[in-house]
Amino acid sequence: MTLPTMDRRVAVKRLLDARDGALVVTGLGSPSYDVHAAGDRDDNYYLWGAMGGAALVGLGLAQAQPQRRVMVITGDGEQLMAFGSLATISVARPKNLDLIILDNQHFGETGMQSSHTGRGIGFDKVAAACGFAEVAELRSLEEVDALCEKLRRPAEGPRLFVLKITAENLPRSLPPRDAVAVKNRLRAHLGFATC
Amino acid sequence: MTASLHAKQAETVTQAAASAQWPDQVYDVLKAAGINQMSYVPDAGHTTLIRRFSADPEVVTNVLTTEEEGIAIAAGSWLGGKRSVVLMQSSGVGNCINMLSLSVQARFPLLVLVTMRGEWAEFNPWQVPMGQATEASLRAIGLSVLRAETGPDLVDTVAQAAAMAFDADQQIAVLIGQRLLGKKKW
């Protein structure tokens, strides 16, 4: 039986339309393109590499900005390389960090090879075992709409949501590749000097 | 007992006391540099820094499952206006290499303190390959590497490294020589 999946660009657009001041960090590959496609903004930080870094850049940012919500939007492959980060984040227990895993169950950038999440690993279950405050697996845009409402409400600790998306390579929407400029842009947005 | 032997014993005691002071002095210079976040994979040589930062209400600390997590956390921390230091052993440097492309490519200020293994009175041969490769690996990915072999030199080196990292957007590792740390007791 094939379970339903959702359109990644539409799902990400809905999350971002409801971001409500959240700072957004994206994992390399398609999640960066999805977020960029929804509109380039000063309060986005896109990763083009450093695979496994997105959730932890998000943790550092959340700890530095405890009054703001931080939303990490990354893929199953990127998060698989940071499996241990779920333990680190759970122990750190930020109340302002939400991880959104865009899970197509494949390594989409490298030829659509099947990933661990297509072979039984569920990040929602892993995060629950680690002690995340809230986890869920979503398969429809209606559930994403409900998630947008939920994300507005205060959390008791880190939250993780798996969005099961359709495995397809959409036209790329490329964020700026100048990592220094994107860094300085976000810092300026927060009122910090650029060096 | 001759006077000169007394003097020599006193000197030995003074040296031991001085060497025991450097961890607290390194903590003091990191605080003076505005460090308010610390991430670590433990090493015996970092014991005092871990204890003091963990007890410091002005500092957010993270215990890591693997060292490269600290590199990414430090980047996010700088994005949000904090200054981070990452503590690890030389064996952990190898775990960090690709993640360091984030710090190098985006020119995130980065300060890493590395306690060395595999280079002085090492009892575990498995520590030698990464210990010997530590400095070359860090330089290969683009970090500046400083090194200290005595307590006073380390305190100065950390103070200068922090200034370069946070005032000049540099990515710096300070290697703490195993000769300074002494032979591991077990």
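Small disclaimer: the values here were computed from a predicted structure and weren't measured. (Residues numbered from 1 in each chain as written. Chains lettered and ligands numbered in written order. Predicted model: local features only at pLDDT ≥ 70, side-chain atom pairs only at ≥ 80, totals over all residues.)

Peer 1: Summarise the overall build of chain A; cite the residues concerned and give the values.
Peer 2: The helix and strand tally for chain A stands at eight helices and eight strands. For 195 residues, the compact-globule estimate of 2.2 N^0.38 gives 16 Å, and the C-alpha radius of gyration of chain A, at 15 Å, lies within 12% of that figure. For the C-alpha atoms alone, the extent of chain A along its principal axes is close to 55 × 35 × 30 Å. Looking at chain A as a whole, 47% of its 195 residues are labelled buried. Restricting to contacts in chain A with at least 6 residues of sequence separation, those with at least 24 account for 75%. (Helix = DSSP H or I, 4+ residues; strand = E, 2+ residues; numbered from the N terminus. Rg over C-alpha atoms; globule rule 2.2 N^0.38 Å. Buried ≥ 20, exposed ≤ 12 C-beta atoms within 10 Å, placed from the backbone. Contact = placed C-beta atoms within 7 Å.)

Peer 1: Tell me about the sheet that holds strand 1 (residues 37–40) of chain B, residues and numbers included.
Peer 2: Within a sheet, neighbouring strands are paired by backbone hydrogen bonds and run either parallel or antiparallel to one another. Residues and elements named next belong to chain B. Here we have six strands laid out as an open sheet, ordered 2-1-3-4-6-5, and parallel in their pairing. The open sheet is flanked by strand 2 (60–63) and strand 5 (144–148), the only strands paired with a single partner. Strand-to-strand twist in this sheet, taken as the mean axis angle between neighbours without regard to direction, amounts to 20°. Note that strand 3 (residues 84–89) and strand 4 (residues 110–115) share four bridges and pair parallel. Its bridge partner being in strand 4, Val-86 is matched across the sheet by Val-112. (Pairing = 2+ DSSP bridges. Axes fitted to C-alpha atoms, helices over the stretch in contact; angles between N-to-C directions.)

Peer 1: Now, about helix 3 (residues 54–64) of chain A: what can you tell me, with residues and values included?
Peer 2: Burial runs high along helix 3 of chain A: eleven of the eleven residues are buried. For helix 3 of chain A, the full list of buried residues reads Ala54(A), Ala55(A), Leu56(A), Val57(A), Gly58(A), Leu59(A), Gly60(A), Leu61(A), Ala62(A), Gln63(A) and Ala64(A).

Peer 1: Go over the packing of helix 1 (residues 8–17) of chain A against helix 2 (residues 30–37) of chain A with me, naming the residues and quoting the values.
Peer 2: Residues and elements named next belong to chain A. Contact pair helix 1 / helix 2: the axes reach a minimum separation of 9 Å and the direction vectors enclose 60°. Relative to helix 2, the element helix 1 lies oblique. Remark: the crossing between helix 1 and helix 2 carries right-handed chirality. On helix 2, the residues touching Arg-8, Arg-9, Val-12 and Leu-16 of helix 1 are Asp-34, Val-35 and Ala-37. (Parallel < 35°, antiparallel > 145°, perpendicular 65-115°, else oblique. Left-handed = near helix turned anticlockwise from the far one by under 90°.)

Peer 1: Describe the environment of Val26(B), and please don't skip the residues or the numbers.
Peer 2: All names here are of chain B. Within the element layout of this structure, Val-26 appears in helix 1 (residues 3–32). Overall, the presence of 25 C-beta atoms within 10 Å leaves Val-26 in the buried class. Between the C-alpha atoms of Val-26 and Asp-156, which are 130 residues apart in sequence, the distance is 8.6 Å. Beyond its immediate sequence surroundings of up to four residues, Val-26 is in contact with Leu-49, Leu-154, Val-155 and Val-158.

Peer 1: A description of the interface of chain A and chain B should follow, citing residues and the corresponding values.
Peer 2: Much of the literature gives interface size as the accessible area that the parts lose upon coming together. At the interface, 27 residues of chain A touch 28 residues of chain B. Broken down by secondary-structure element, the contributors of at least two residues to the side of chain A that touches chain B are helix 3, helix 5 (85–92) and helix 8 (179–189) of chain A. Ranked by residue count, the leading element in the side of chain A that touches chain B is helix 3 of chain A, at eight residues. For the side of chain A that touches chain B, the class distribution of residues is 16 nonpolar, nine polar and two charged. (Nonpolar A, V, L, I, M, F, W, Y, C, P; charged D, E, K, R; others polar.)

Peer 1: Which residues make up helix 5 of chain A, and what values go with them?
Peer 2: Turning to helix 5 of chain A, its buried residues are Ser85(A), Leu86(A), Thr88(A), Ile89(A) and Ala92(A). One side of helix 5 of chain A carries all its buried residues, which in axial view fall inside an arc of 160°. The inward-facing, buried residues of helix 5 of chain A abut helix 3, strand 4 (97–103) and helix 6 (123–130) of chain A together with strand 2 and helix 3 (68–79) of chain B. Just downstream of helix 5 of chain A lies Arg93(A), where phi reads positive at about 55°. (Arc of directions from axis to C-beta.)

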